[in-house]
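Examining the three-dimensional arrangement
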Amino acid sequence: MARQAQVTLKSPAEQRAMRVAGRLAADVLDMIAPRVLPGITTGELDRICHDFIVDVQKAIPAPLNYKGFPKSICTSINHVVCHGIPGERQLRGGDIVNLDITVIKDGFHGDTSRMFLVGDCSVQARRLCSIGFEAMWLGIRKVAPGQRLGDLGHTIQQYVESQGYSVVREYCGHGIGRGFHEDPQVLHYGEPGTGLEIEPGMTFTVEPMVNAGKRQVRLLGDGWTVVTKDHSLSAQWEHTLLVTTDGFEVLTLGSADRART
Ligand code: MF3
Ligand code: CO
Ligand code: CO
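Here's what I pulled together on the structure shown here. (Residues numbered from 1 in each chain as written. Chains lettered and ligands numbered in written order. Predicted model: local features only at pLDDT ≥ 70, side-chain atom pairs only at ≥ 80, totals over all residues. Heavy atoms only, no water.)

A look at the packing of aromatic side chains
- With the rule as written, the count across this model stands at 3 aromatic pairs.
- Taken together, a centroid distance of 5.0 Å and an interplanar angle of 85° make the contact between phenylalanine 69 and tryptophan 224 edge-to-face. Residue phenylalanine 69 is located in the loop between strand S1 (60–61) and strand S2 (74–77), and its partner tryptophan 224 is located in the loop between strand S11 (217–219) and strand S12 (226–228); the two are separated by 155 residues in the primary sequence.
- Ring centres of phenylalanine 133 and tryptophan 237 lie 4.8 Å apart, and the angle between their planes is 70°; on these two criteria the pair is classed as edge-to-face. Of the two residues, phenylalanine 133 is situated in helix H3 (residues 123–140) and tryptophan 237 in the loop between strand S13 (234–236) and strand S14 (239–243); the sequence distance between them amounts to 104 residues.
- Under the relative-accessibility criterion, phenylalanine 133 is labelled partly exposed at 30%.
- Across from the ring centre of tyrosine 189, 4.5 Å away, lies the NZ or CZ of arginine 169, which sits over that ring. (Phe/Tyr/Trp six-rings, centres within 6.5 Å; stacked < 30°, edge-to-face > 60°. Helix = DSSP H or I, 4+ residues; strand = E, 2+ residues; numbered from the N terminus. Buried < 20%, exposed > 50% of the residue type's maximum accessible area, 1.4 Å probe, protein only. Lys NZ or Arg CZ within 6 Å of the ring centre and 35° of its normal.)

Remarks on the coordination of the cobalt ion (ligand 2)
- Distances from the cobalt ion (ligand 2) to its protein donors, namely Asp111 (OD), His174 (NE2), Glu207 (OE) and Glu238 (OE), fall within the range 2.0 to 2.2 Å.
- Each of the 6 donor atoms bound to the cobalt ion (ligand 2) contributes to angles spanning 51 to 160°, and the resulting shape is irregular. (Donors = N, O, S within 2.8 Å, 3.2 Å for Na, K, Ca; no water. Tetrahedral: all angles 85-135°; square planar, octahedral: opposite > 155°, others 65-115°.)

Some thoughts on the environment of tyrosine 66
- Residue position: tyrosine 66 is located in the loop between S1 and S2.
- Sequence-wise, tyrosine 66 and phenylalanine 180 are 114 residues apart; in three dimensions their C-alpha atoms are separated by 9.2 Å.
- Leaving out residues up to four positions away in the same chain, tyrosine 66 has contacts with Phe180, His181 and Trp224.
- Here the side chain of tyrosine 66 touches histidine 181 through a polar contact of 2.6 Å, side chain to side chain. (Contact = heavy atoms within 4.5 Å. Polar contact = N/O pair within 3.5 Å; in protein donor to acceptor, adjacent residues only side chain to side chain.)

Focus on the coordination of the cobalt ion (ligand 3)
- Protein coordination at the cobalt ion (ligand 3): the donors are Asp100 (OD), Asp100 (OD), Asp111 (OD) and Glu238 (OE), at 2.1 to 2.4 Å from the metal.
- For the cobalt ion (ligand 3), the 6 donor atoms in the first shell make angles of 58 to 165° at the metal, so the coordination geometry reads as irregular.
- Taken in chain order, the donor set of the cobalt ion (ligand 3) reads D-x10-D-x126-E.
- Separating the cobalt ion (ligand 3) from the cobalt ion (ligand 2) is a gap of 3.3 Å, which aspartate 111 spans by donating to each of them. One end of the pair, aspartate 100, is in strand S4 (residues 96–105); the other, glutamate 238, is in the loop between S13 and S14, with 138 residues separating them in the sequence. Accessibility classification places aspartate 100 together with glutamate 238 in one group, the buried group.

What is shown is where atoms sit, not what they do.
Spelled out as structure tokens, the structure:
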């Protein structure tokens, strides 16, 4: 197993800053949700999010220029697994699209993504999105001090595979804080009782990528866009979490989910 030498525990002040960053990332998704409609291009969605993050939130869109990524958000449509680059592509009825938002506020990152159903989608597409959502939450609900990351990964993998779908292995959740991608790696598959022990003060993401077909992926020539090798549909949801003394706090709940608790 890879060493996890750099897992930082966030101080109370750092936790407060992570709450702010997480809230802002969720606010971007709440803001853009009503605009995710047939006819809009992914480039327009990117521009609207960029301007909101910079001008309204006075924050920084973390993807922009991150390791050379050219845009402010990731837009991953249908068989695109993750890291889709916004551009000229118009959304069409029947598409499923993941919008992945990461903002930096006062030096700390908040990272969250959701699936959007564009117009009328097939039963299969809707089922994939809801199974991916449930898989993320099953993993999140495993987060508590004394649990191990393998418990979380195993739970997600078991559930997804029991539904006839597959979990992508090449990309994973991650610690987050002053860094976009910190240790530990949060795999969405694994064995119970293995992996790093979860401790209060850790902040990390859970962001399973679930394929309708086989788990294998391919990187396109742009160096970013990840697609399913078999061109099957793929879905992903992501939250940023803080480990508390008795469980977890989700830092990136949208306003609807905040109202529910
Ligand atoms: N937001 C993605 C994640 O969940 C990372 C995107 S990196 C980018 O980790 F450069 F593609 F933006
Ligand atoms: Co992430
Ligand atoms: Co993300």
